[in-house]
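Structural overview for review
Chain by chain, the residues:
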Amino acid sequence: MTGLIPHSWLNALGIAPWVWNPLSVSFHAAVEATIVVAVAGIALGYLLARTHFPGRGAIETVFSLPMALPPTVVGYYLLTQLGGPGPIRNAEVDLFGHPLTFTFTGIVVAQIVESFPYCLRFSRAAVAAVDPRFEQVARAMGMSRGRIALLVTLPLARRGLVAGVAMAFGRAIGDFGATSIVAGSVPMATTMPLALYNAVFYGTHGQAMVLALVQVGVALAILLGVSRLGKVRAW
Amino acid sequence: MSALEVAVTRKIGDFELDTSFTVDSGISVLFGPSGAGKSLTLSLIAGLIRPDTGTIVINGVVVTDCARREFVSTQERRVGMVFQDGLLLPHRSVLDNVALAVRQAGGRRARRDIARSWLELVGAEELAGRRPGSLSGGQRQRVALARSLAGEPAIVLMDEPLTALDSAVRREMRSLIRGVITSTGIAAVLVTHDLQEAEELADVVIDYADGRVLGQRTVTHPTRLEGPRESAAGSEEE
Amino acid sequence: MKRDERVKSASVLAVASRPKNKGVVIIAVALMGLGLGYGLAHLMAGYIAYWGVVEGPFWLTLRVAVPATLIAGVAGIAAGYALAKSHFPGRDLLETVGSLPIILPPTVIGYYLLETLSPGTQFGGFLTRVVGHTLVYNVAGCIVAATIAAFPFCMRASRAAIEGVDSSFEQAARTMGLPDWRVALQVTIPLARRGIAAGLTIGCARALGEYGATLMVGGDINGKTRTLSLAILDSFTTPERNTMLLILVLMAVTAMIGVGLLGRSRS
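Everything numeric in this text was worked out from a predicted model, so none of it was measured. Here, residues in each chain are numbered from 1, in the same order as that chain's written sequence. The lettering of chains begins at A and the numbering of ligands begins at 1, in the order of writing. Owing to the predicted nature of the model, reporting of local features is limited to residues with pLDDT of at least 70; listing and counting of side-chain atom pairs is limited to 80 or more, with chain, interface and lining totals taken over all residues.

Some words on the overall build of chain A
Counting its secondary structure elements, chain A contains 12 helices and zero strands. Numbering of helices and strands runs from the N terminus, with a helix taken as a DSSP run of H or I at least four residues long and a strand as a DSSP run of E at least two residues long. When the helices and strands of chain A are placed in sequence order, the string is α-α-α-α-α-α-α-α-α-α-α-α. Counting other C-beta atoms within 10 Å of each residue's C-beta, where C-beta atoms are placed from the backbone, gives the exposure class: buried for 20 or more, exposed for 12 or fewer, partly exposed between. Considering chain A as a whole, with its 235 residues, one finds that 50% of them fall into the buried category. This entry defines residue contacts through backbone-placed C-beta atoms, with two residues in contact when those atoms are within 7 Å. Counting contacts in chain A only where the partners sit at least 6 residues apart, residues at least 24 apart contribute 77% of the total.

So, in structure tokens, the structure goes:
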């Protein structure tokens, strides 16, 4: 598990491995997850806001399910679908050579599932809030739908879109239920929330305190950033 | 051949629009109180909304024909649009905003040059590098006008373009609109509920009330240098 | 297309959106969800035998989620109202702090709950004496954890809904002489009920599914603090987990459908 910052530097700064290891795991998994979520979430959010097809509401509800479902349920289904026999497991073995349960990639998948609804809802709200007359003018100018989306609509919605990606990242890096079930306590690939749980469980209070503080800092920073981006209400 | 022929009906909820008129050239004003269906008419002409029945013909080309189920998309129709609040893209410079509307092929530089010449026409060439957010209302509407013309449309549709401006600026803009329409020869359909504006700008006033056209009247302007019928390249602005 | 679209959705939703119909729809869907959860679990062949095992966690989950949703709901509406109506410096900061549980890891919440509520600590000891019994490793702790999980959604949804209320209604009520608290309770909040209800519904879903914090504060004690979410993991390889899953999923799906229905009418 290599990080962007060499371990030697971190050690030299006095940051212990039991901090930067789970932090690195959580961070890198969340970055990978958020990249996927951002692209898919913004695209789907745009479609939900601007195109009119039957079943639009149903699709939004279905993709928002992870937000309401208990994390243990999500974790259970991920574990059985990714690990147990079935078409998804077969596809994984084809693509990766092994099932994704109890691996770093499994963590990423769990984070994607749990954080997707946030990006989706923020994106849909942000695109829906763009004055449609901008797009009308663009259509009158002869721009194709794709160009309008990329040059007009999405830039106008960018504050809400960024907020949605930030929220998704925060949710991904802070996930516990689904990731811990899918990935368990893999040595060298434990997420921060799980590391905190272990620290409390095994009584290492000093570690617990630091781990908790770091995570509070991350969450606060993300939420403060999102609130600065303005009033885009996803619900 | 007239620039625009409209004969359509459209029902929305309880409101029913039934309108029919012809535009030759120059400025035709749709005049009437709010809610009379004027903006809806513009949306129908632009192809943003489909009518229930009827036809719309722009420059001799049938763009909407309900009976024969013919409908040309907004992108394909050549119309320019100016809204009350300009609606310039805030994340792009003035020049880029106008350049987006230029339909000619030839690469970015060529489009920008063409955009620049349109900005000159409306007297806004020194605003080219600025952002829309830093412009005054009058400046924004100038740029919006340039943008609507840059695609060399068959007609320009203007929905209350001057309503949000203060009276001194409005006077300037009225001259500008008249001058530009006259010199480019592009026909314009302008919506307003301001009687003075209608009288000053229009060659033809089309009176609206409650979704219906009450009548069409030609306006004569003793103060104007010439009527629009003779407009061609090289006519004078006042 | 904007007008077209609005016309279409207006007519389709017109029936479902009428106030008295909406209430019926909500109640029907909620009953359906609970009823389905209970009934299906009962009736499905082969699962009847496991009801004995599932029953305990099922009722426990309800005992936790219902009070949690109520408390979070009331607190959320109050907080949302305060955020919507008053403009004090630090207002946004307060909303940010209140929204923390949305992305803060549940184990962090659980950790701080343990630190503050355990009788071993200063504040926890004090609280235990005041309340009369411990707040950790029992149902009370679970309720606290679930309330915290639900609160941010109730707060944010309430704030948005209340901000969306046309102030002319409130002004009219004031001119009629109603004091502020009555304006709030009899005018503002009823007018904002759709958004508030949506927040309650999703808060309820979160309370039902709370896992990480409940695990730490409650201790996953069989019979006492093992909610459905936790019991699923314990019974992972056994058949009764399917029953539990079914119940949880149906409850949560009901919640989401409720949110979906209610969310529509807001725009």
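So, next bit.
Let's talk about the overall build of chain B
Scanning chain B from N- to C-terminus turns up six helices and 11 strands. Against the compact-globule benchmark of 18 Å for 238 residues, chain B has a radius of gyration of 17 Å, which places it among compact chains. For chain B, the residues scored as buried account for 45% of the 238 residues in total. For chain B, the share of sequence-separated contacts (at least 6 apart) that also reach a separation of at least 24 residues comes to 68%. We compute the radius of gyration over the C-alpha atoms and compare it with the globule rule, which gives 2.2 Å times the number of residues raised to the power 0.38.

Focus on the pairing of strand β7 (residues 79–82) of chain B
Residues and elements named next belong to chain B. Going residue by residue along β7, you find V79 and M81 tucked away on one face and G80 and V82 tucked away on the opposite face as well. Each pair of strands is called paired provided DSSP finds at least two bridges between the two strands. With four bridges connecting them, β7 and strand β8 (residues 155–159) associate as parallel partners. In the strand pairing of β8, G80 is matched with V156.

Digging into unusual backbone geometry
Where the residue is not glycine, phi is negative for most of them; where a peptide bond is considered, it is trans in most cases. The residue E160 of chain B is not glycine, and still its phi comes out positive at about 50°. Its place among the elements puts E160 of chain B in the loop between β8 and α5 (167–184). The backbone phi angle of Y137 of chain C is positive, close to 60°, even though this residue is not glycine. Here Y137 of chain C lies in the loop between α6 (122–131) and α7 (139–163).

Some thoughts on the interface of chain B and chain A
The figure often quoted for interface size is the accessible area lost as the parts come together. Facing 15 residues of chain B, the contacting portion of chain A comprises 13 residues. Three residue categories are used. Nonpolar comprises Ala, Val, Leu, Ile, Met, Phe, Trp, Tyr, Cys and Pro, charged comprises Asp, Glu, Lys and Arg, and polar comprises the others, including Gly. Partitioning the side of chain B that touches chain A into residue classes produces nine nonpolar, five polar and one charged.

Thoughts on the interface of chain C and chain A
Taken residue by residue, the interface counts 40 residues in chain C and 35 residues in chain A. Among the residues forming the side of chain C that touches chain A, the class breakdown is 26 nonpolar, eight polar and six charged.

Here we look at the packing of helix α4 (residues 91–103) of chain C against α7 of chain C
Residue and element names in this part refer to chain C. It is the contact of α4 with α7, at a shortest axis distance of 8 Å, that shows an interaxial angle of 125°. Comparing the axis directions of α4 and α7 gives the class oblique. In the packing of α4 onto α7, the handedness of the crossing is left-handed. Of the residues in α7, those touching α4 at G98, S99, P101 and I102 are I148, A149, F151, P152, M155 and R156. For the contact of α4 with α7, the residue count by class is seven nonpolar, two polar and one charged. Axis definition: a line fitted to C-alpha atoms, limited for helices to the stretch in contact. Angles are taken between N-to-C directions and run from 0 to 180 degrees. Roughly parallel here means an angle under 35 degrees, roughly antiparallel means over 145, roughly perpendicular means 65 to 115, and every remaining angle is called oblique. Helix crossings are classified by the rotation of the near helix relative to the far one: an anticlockwise turn of less than a right angle makes the crossing left-handed, while a clockwise turn makes it right-handed.

Section: helix α3 (residues 107–121) of chain B
Residues and elements named next belong to chain B. For α3, spanning 15 residues, the distance from its first C-alpha to its last is 22 Å, which sits close to the expected 21 Å at 1.5 Å a residue. All buried positions along α3 are accounted for by R111, A115, W118 and L119. Seen from one end, α3 has its buried residues packed into an arc of 100°, which puts them on one side. The span you would expect from a helix comes to 1.5 Å times its residue count less one. Directions drawn from the helix axis to the C-beta atoms are what define this arc.

Quick look at α6 of chain C
Burial analysis of α6 of chain C places just zero of its 10 residues in the buried class, which makes it a mostly uncovered element. Just past α6 of chain C, the residue G132 of chain C takes up positive phi, approximately 110°.

Here's the deal with the environment of P22 of chain A
Inspection of the secondary structure puts P22 of chain A in helix α2 (residues 17–50). For the pair P22 of chain A and I222 of chain A, spaced 200 residues apart in sequence, the C-alpha separation works out to 19 Å.

What about the environment of A128 of chain B?
Residue and element names in this part refer to chain B. The topology assignment puts A128 in the loop between α3 and α4 (137–150). By C-beta crowding, A128 is classed as partly exposed, having 19 other C-beta atoms within 10 Å. Each C-alpha atom of the pair A128 and A115 lies 9.1 Å from the other, and the pair is 13 residues apart in sequence. With residues up to four places along the chain from it excluded, the contact list for A128 reads V94, L95, R116 and L119.

This is a description of form; function is not addressed.
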